[in-house]
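Results of the structural survey
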Amino acid sequence: MSEDKGLGLVCEGGGMRGIYTAGVLDVLGEHGVHFDAAVGTSAGAIHIISFLSGQHGRSIRFYLGYSPDKRFMGIRSWIQSGDFCNADFCYRQLPDELVPFDYDSFEASDTACYITCTDVETGKAVYHLAKGLRGDEMLYLRASASLPIFSRIVQVEGRGLLDGSTADSIPFGFLRGAGYRRCVVILTRPAGFVKKPEMTGLFKMVYKKYPAYVAAHCARHEHYNAALEELAALEKSGEVFVFRPSETIPVRRLERNTARILEQYELGRRDAQKRLSELEAFMGKK
């Protein structure tokens, strides 16, 4: 077994449901919790970057302020641009003007930050080490959160990329394999959740030019459920610490109801606050 490089953070996606993750991370940030490496998929990556820039509360501010905004997401954007979530608004106007992202603080962080995407040609996960988010590097974040069907394929450095969840929804295996043996994992589904196949026929039609990507999507539910089983074993052995919603709130992947979004965020905060002492004990283990 390789040398333990330290404590890792793993955040799965889930679209707007992922605001639960932001709630957990805001509490951890307020209590000075530090990670040596972090990997996020889709919404998980979006919330990680605000955590690493030290901007606690930033995610919930822009979700509550702009998720109902037609510029943020909607059918009009989907028809006009091919992206349900407007790329220019979400990845330029929001971070640069409306809810400013602290690029300098993110770049100064000593936490290795990886963004998970899926290569549509190979169907394999791409784990991009983000040293900054200026220029083309922001494209990796956009690709990671680009829901298939609802988004255009994002071209980055000669590769076509989409939502990281297709290839690796909960990338704890990547981080542990990189040497971060002890990980805190934040899930966005409650205990007992079992993933089922989704839109396989539509994927085969829309992405017929990318058979490896279609195959990855069709097998996604199997890999996801197997990952949950492995996580349960690692959690039992004390190698990982898992946060998951303690109750079910009906938040859709593309939710625009701010009351539900806030409720999901507050649940993340409550769950984190209740388990801080457990987390401290886990972090103290060597």
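Look up: the structure comes first, before these words.
Residues numbered from 1 in each chain as written. Predicted model: local features only at pLDDT ≥ 70, side-chain atom pairs only at ≥ 80, totals over all residues. Heavy atoms only, no water.

Details of empty space enclosed by the protein
So the rule is basically this: Grid points spaced at 1 Å and placed over the protein atoms alone form the basis of the search, with a cavity being a set where a 1.4 Å probe fits but cannot get out and a pocket an open set showing protein on both sides within 12 Å along at least five of seven lines. Lining residues have an atom within 4 Å of a point. Grid points are joined across faces, edges and corners, and a volume is the space filled by probe spheres set on the points. Each helix corresponds to a stretch of at least 4 residues labelled H or I by DSSP, and each strand to a stretch of at least 2 residues labelled E; elements are numbered beginning at the N terminus. Under this grouping Gly is polar, as are all residues other than the nonpolar Ala, Val, Leu, Ile, Met, Phe, Trp, Tyr, Cys and Pro and the charged Asp, Glu, Lys and Arg.
This model, assessed by the stated rule, comprises four cavities of 30 Å³ or more. A volume near 430 Å³ is recorded for the largest cavity. Contributing to the lining of the largest cavity are 29 residues, with Ile 46, Phe 72, Cys 90, Tyr 91 and Ala 145 lying nearest its centre. No other element matches helix H5 (residues 87-98), which puts five residues into the lining of the largest cavity. Grouping the amino acids of the lining of the largest cavity by side-chain chemistry returns 21 nonpolar, four polar and four charged. Here the second largest cavity is characterised by a volume of approximately 120 Å³. Lining the second largest cavity we find 16 residues, and of these Gly 14, Arg 17, Ser 165, Arg 220 and Arg 253 sit closest to its centre.

With respect to the pattern of salt bridges
Heads up, the rule is: Any Lys or Arg side-chain nitrogen located within 4 Å of an Asp or Glu carboxyl oxygen qualifies as a salt bridge. Each residue is placed in one exposure class: buried if its accessible area under a 1.4 Å probe, protein chains only, is under 20% of its type's maximum, exposed if it is over 50%, and partly exposed if it falls in between.
Applying the stated criterion to the full structure yields twelve salt bridges. The partner of Lys 195 in a salt bridge is Glu 198, and the shortest N-O contact between them spans 3.4 Å. Residue Lys 195 is classed as buried on the basis of its relative accessible area of 7%. Overall, Glu 198 belongs to the partly exposed group, its relative accessible area being 31%. Residue Glu 235 is joined to Arg 244 by a salt bridge in which the shortest nitrogen-to-oxygen separation is 3.4 Å. Accessibility expressed as a relative area gives 25% for Arg 244, which makes it partly exposed. Put simply, Asp 88, Arg 92 and Glu 97 are held in one network by salt bridges that share partners.

Observations regarding the packing of aromatic side chains
To keep it simple, the criterion reads: Aromatic contacts are taken between Phe, Tyr and Trp rings whose centres are within 6.5 Å, Trp giving its six-membered ring; a plane angle under 30 degrees counts as stacked, one over 60 as edge-to-face, and the others as tilted. Charge over a ring is defined by NZ of Lys or CZ of Arg lying within 6 Å of the ring centre and within 35 degrees of the ring normal.
What the rule picks out here adds up to 16 aromatic pairs. On the numbers, 5.0 Å between centres and 85° between planes, the contact of Phe 101 with Tyr 103 is edge-to-face. Classification of Tyr 103 as buried rests on a relative accessible area of 14%. Measuring from ring centre to ring centre gives 6.0 Å for Phe 193 and Tyr 224, while their planes differ by 90°; the resulting arrangement is edge-to-face. Here Phe 193, found in the loop between strand E7 (182-186) and helix H9 (200-206), pairs with Tyr 224, found in helix H11 (residues 220-237); they are 31 residues apart in sequence, far enough to count as distant. Since its relative accessible area comes to 23%, Phe 193 is described here as partly exposed. One aromatic cluster is present, built from ring pairs that chain together Phe 62, Tyr 63, Tyr 66, Phe 72 and Phe 89. In this structure, Lys 195 is placed above the aromatic ring of Tyr 224, and the distance from its NZ or CZ to the ring centre is 5.6 Å.

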